[in-house]
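Residue strings, one per chain:
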Amino acid sequence: GRRSGGATGPAPAGLGLRLSLGGWGSLVNPTGVAACRRSGRLVVAHDGKKRIHVFGPSGSCLQRFGERGDAGNDIKYPLDVTVTSDGHVVVTDGGDRSVKAFDFEGKGVLAIREGFCLPWGLDATPESEVILTDSEAGALYRLTADFKKGKLKKCQMIRSQLISPRGVAVSQTSGAIVVIEHLKAQGLDHSSTRVKIFSAEMDLVGQMDSFGLNLVFPSKIYTTAVAFDKEGHVIVTDVCSQAVICLGKPENFPIFNPLISHGLSYPVGLTYMANNSLVVLDSGDHSVKIYSS
């Protein structure tokens, strides 16, 4: 559906819930979700005994790996996950402040432990590079590796002086990068969030924080996850209104289009599948919800 350029504009018609996966026991307090564009598999990072849960396109469980523990292949506390186009699962581990890569069978191929303060969010580019936030360092990294050989080639800081950056997404078409910063609000108990968009050349092209939004929109937005759709619109979750909202393209940022406004309790993850289905990770009921138009 085309979206109007106005401040609100009609939401695209008929984004319906097609499939719900997981649920308590199958998933425990999930934190990240990613889609494999080639195979349609979905990967979820969560707090179960095996930290990575792989679902098939139809929702069956294909694989579980990444034991809780201290061995090299183990995952202590996964914060986010992405899948590279060459078929590797890359996880940020807040437990030992590392980035770990696995193949789809669960074999660990690479662990990068040095140099990070608290690696948090990550997303893969079409070239199998990984864009990574370091929440404590306030930095954004581009990570280049030969995952098949288990060799790190380059880990380059591409942006510093961000405020607690967590969620991140890369546009598969333009290479633009969107980051969520977590700001401590002055004199308030709770913090607020700010969405920042950079061009592929890392120029700041748009930003929007909860305060700015309040001038335009009725509610405070606290966003935990972000994604680009295939047209390059920025899509965010909002845990205050339990919604998924389209903020438009960077050049006409922000518009305000609720895409999903009921049926979610605490949306913490967001990704698109190759068939353009929208995947929402809901930690409120420990499930993965797949929507399509």
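Note that the structure is predicted; figures quoted are calculated from it, not measured. (Residues numbered from 1 in each chain as written. Predicted model: local features only at pLDDT ≥ 70, side-chain atom pairs only at ≥ 80, totals over all residues. Heavy atoms only, no water.)

### Structural notes on the nonpolar core
Threshold: Here, nonpolar core means buried Ala, Val, Leu, Ile, Met, Phe, Trp, Tyr and Cys residues that are tied together by side-chain atoms lying within 4.5 Å of each other. Buried, partly exposed and exposed residues are distinguished by accessible area as a fraction of the type maximum, computed with a 1.4 Å probe on protein chains only: under 20%, between the cut-offs, and over 50%, respectively. Helix and strand definitions here come from DSSP, where helices need a minimum of 4 consecutive H or I residues and strands a minimum of 2 consecutive E residues; each element is numbered from the N-terminal end. In this description, contact between two residues means that some pair of their heavy atoms is separated by no more than 4.5 Å.
Core analysis: the largest hydrophobic core is formed by 17 residues, its most contacted members being Val178, Val234 and Leu247. With three residues, strand β20 (residues 243–248) is the largest single contributor of residues to this core. Excluding residues within four positions of it along the chain, valine 178 makes contact with Gly167, Val168, Ala169, Val195, Lys196, Ile197, Val226, Phe228 and Val234. Of all hydrophobic cores here, the second largest spans 15 residues; its members include Val90, Ala101, Ile112 and Ala145.

### Some points on the UniProt feature "repeat: NHL" (unreviewed entry) in the chain
So the rule is basically this: UniProt positions are given in the numbering used here, feature names are shortened, and annotations may be inferred rather than shown by experiment.
Using the residue numbers shown here, the UniProt feature "repeat: NHL" (unreviewed entry) corresponds to residues 22–58 and 62–105. Secondary structure within residues 22–58 divides into 0% helix and 41% strand; the distance between the first and last C-alpha atoms comes to 12 Å.

### Re the environment of arginine 68
Along the chain, arginine 68 turns up in the loop between β5 (61–67) and β6 (78–83). Under the relative-accessibility criterion, arginine 68 is labelled partly exposed at 49%. Remark: the alpha-carbon pair of arginine 68 and lysine 50, spanning 18 residues in sequence, is separated by 6.3 Å. Among residues more than four places away in sequence, those in contact with arginine 68 are Asp47, Gly48, Lys49, Arg51, Asp74 and Ile75.

### What to know about the sheet that holds β5
So the rule is basically this: Two strands qualify as a pair provided that DSSP identifies no fewer than 2 bridges between them. The axes used here are C-alpha line fits, helices contributing only the stretch in contact, and every angle between their N-to-C directions lies in the interval 0 to 180 degrees.
The four strands are arranged β2-β3-β4-β5 in an open sheet whose pairing can be described as antiparallel. Bordering the open sheet on either side are β2 (32–35) and β5, each of which pairs with just one other strand. Neighbour-to-neighbour, the strand axes of this sheet turn through a mean angle of 20°, independent of strand direction. Relative to strand β4 (residues 50–55), strand β3 (residues 42–45) is paired through four bridges, and the arrangement is antiparallel. Considered in β4, the bridge of leucine 42 is made with phenylalanine 55.

### A closer look at the environment of leucine 17
The topology assignment puts leucine 17 in strand β1 (residues 16–22). Sequence separation of leucine 17 and glycine 263 is 246 residues, and the distance between their C-alpha atoms is 9.0 Å.

### Some words on the pairing of strand β14 (residues 165–170)
Counting buried residues in β14 gives five out of six residues, a clear majority hidden from the surface. As paired strands, β14 and strand β15 (residues 177–184) are joined by four bridges and run antiparallel to one another. Looking at the pairing, alanine 169 lines up with valine 178 of β15. Linking β14 back to β15 in an antiparallel pair, the connection comprises six residues, with glycine 175 at a positive phi of about 80°.

### Some details on the pairing of strand β23 (residues 278–282)
Counting buried residues in β23 gives five out of five residues, a clear majority hidden from the surface. The side-chain alternation of β23 yields two buried faces, one formed by Leu278, Val280 and Asp282 and the other by Val279 and Leu281. By the bridge criterion, five bridges tie strand β22 (residues 267–272) to β23 in an arrangement that is antiparallel. Note that in β23 the partner of leucine 270 across the bridge is valine 280. Here β22 folds back onto β23, and the loop between the two strands holds five residues, one of which, asparagine 276, carries a positive phi near 75°. Bridge analysis of β23 against strand β24 (residues 287–292) gives five bridges, and the strand direction is antiparallel. The residue of β24 that forms the bridge with leucine 278 is tyrosine 291.

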